Amino acid sequence: KAGVTQTPRYLIKTRGQQVTLSCSPISGHRSVSWYQQTPGQGLQFLFEYFSETQRNKGNFPGRFSGRQFSNSRSEMNVSTLELGDSALYLCASSLATGRLRAFFGQGTRLTVV
Amino acid sequence: TQLLEQSPQFLSIQEGENLTVYCNSSSVFSSLQWYRQEPGEGPVLLVTVVTGGEVKKLKRLTFQFGDARKDSSLHITAAQPGDTGLYLCAGEGGATNKLIFGTGTLLAVQP
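Below or above, wherever it landed, is the structure these notes cover. (Residues numbered from 1 in each chain as written. Chains lettered and ligands numbered in written order. Predicted model: local features only at pLDDT ≥ 70, side-chain atom pairs only at ≥ 80, totals over all residues. Heavy atoms only, no water.)

Considering the interface of chain B and chain A
- Contacts between chain B and chain A engage 19 residues on the former and 19 residues on the latter.
- Approximately 1500 Å² of surface area, both sides summed, lies buried where chain B meets chain A, with 49% of it carried by carbon and sulfur atoms.
- When the buried area of chain B at its contact with chain A is split by residue, Lys98, Leu99 and Phe101 of chain B rank highest and sum to 28% of it.
- For the pair chain B and chain A, the number of links is 0 salt bridges.
- Counting across the interface, chain B meets chain A through 3 residue pairs in polar contact (both at pLDDT 80 or more).
- Contributions of two or more residues to the side of chain B that touches chain A are made by strand S4 (31-37), strand S5 (44-49), strand S9 (85-92) and strand S10 (99-101) of chain B.
- It is S4 of chain B that provides the largest number of residues to the side of chain B that touches chain A, a total of 4 residues. (Contact = heavy atoms within 4.5 Å. Buried area = accessible area lost by both parts, 1.4 Å probe. Salt bridge = Lys/Arg side-chain N within 4 Å of Asp/Glu carboxyl O. Polar contact = N/O pair within 3.5 Å; in protein donor to acceptor, adjacent residues only side chain to side chain. Helix = DSSP H or I, 4+ residues; strand = E, 2+ residues; numbered from the N terminus.)

Listed below in structure tokens is the structure:
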């Protein structure tokens, strides 16, 4: 069974640009969660999608948005990038919301210059 | 706000030593998970504990969930260099039912 796939693995963007990251969950998993990981703040929850609906949202500005498609694949978008958005963005999939086990992808390393 | 504090933050030990990592909160969680993350990779789930007082063993790793389901510990016996990584606890529960991650413990096992 293929794992969680995140693309791209690495990305360099300039301040003010926008970026879209993609996550393909494990086949059959309907819940996708996004996290931002930085050395200073650790792993912080961005949002969770289940059956194309946002179920939970963390404390991030409106520049961070996401969506989920009917095949459970998810994208997150960050507009008007800031230097502080540089981080490892991780996606996790699970069978359902209220899950006991989340499987993480390898992440997308975003660097904003 | 649910917070999970891990201690110690950093740990550097010699191969063969034992160690314990703690994960503490003032909130009650319905379940608690432990992950290990290696550089450049996503966290990998090690174990999930759901019952207060539960103890689970995974080879040289022993995980315990506190009786009140507010804290947990991870004990590693005879650490190996392959145990090196970032250890994260994560609690599930509360009104939002989202996974809250701890602050992390970075472990380095020297050969």
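Structure's up, so let's keep going.
Section: the sheet that holds strand S7 (residues 64-68) of chain A
Residue and element names in this part refer to chain A.
- On the basis of which strands lie adjacent, the open sheet formed by 4 strands has the order S1-S3-S8-S7 and antiparallel pairing. Looking at the sheet topology across the chains shown, the edges are occupied by strand S1 (5-7) and S7. Strand-to-strand, the axes of this sheet are offset by a mean angle of 15°, without reference to chain direction.
- Bridge count for strand S3 (residues 19-24) against strand S8 (residues 74-78) is 5 bridges, and the pairing is antiparallel. Opposite Cys23, over in S8, you have Ser74 as the bridge partner. (Pairing = 2+ DSSP bridges. Axes fitted to C-alpha atoms, helices over the stretch in contact; angles between N-to-C directions.)

Quick word on the sheet that holds strand S3 (residues 19-24) of chain B
Residues and elements named next belong to chain B.
- Read across the open sheet, the 5 strands follow the order S1-S3-S8-S7-S6; overall the sheet is antiparallel. Of all strands in the sheet, those bounded by a partner on one side alone are strand S1 (5-7) and strand S6 (55-58). On average, each strand axis in the sheet is inclined to that of its neighbour by 15°, with strand direction left out of account.
- As paired strands, S1 and S3 are joined by 3 bridges and run antiparallel to one another. Within S3, the residue paired with Ser7 across the bridge is Tyr22.

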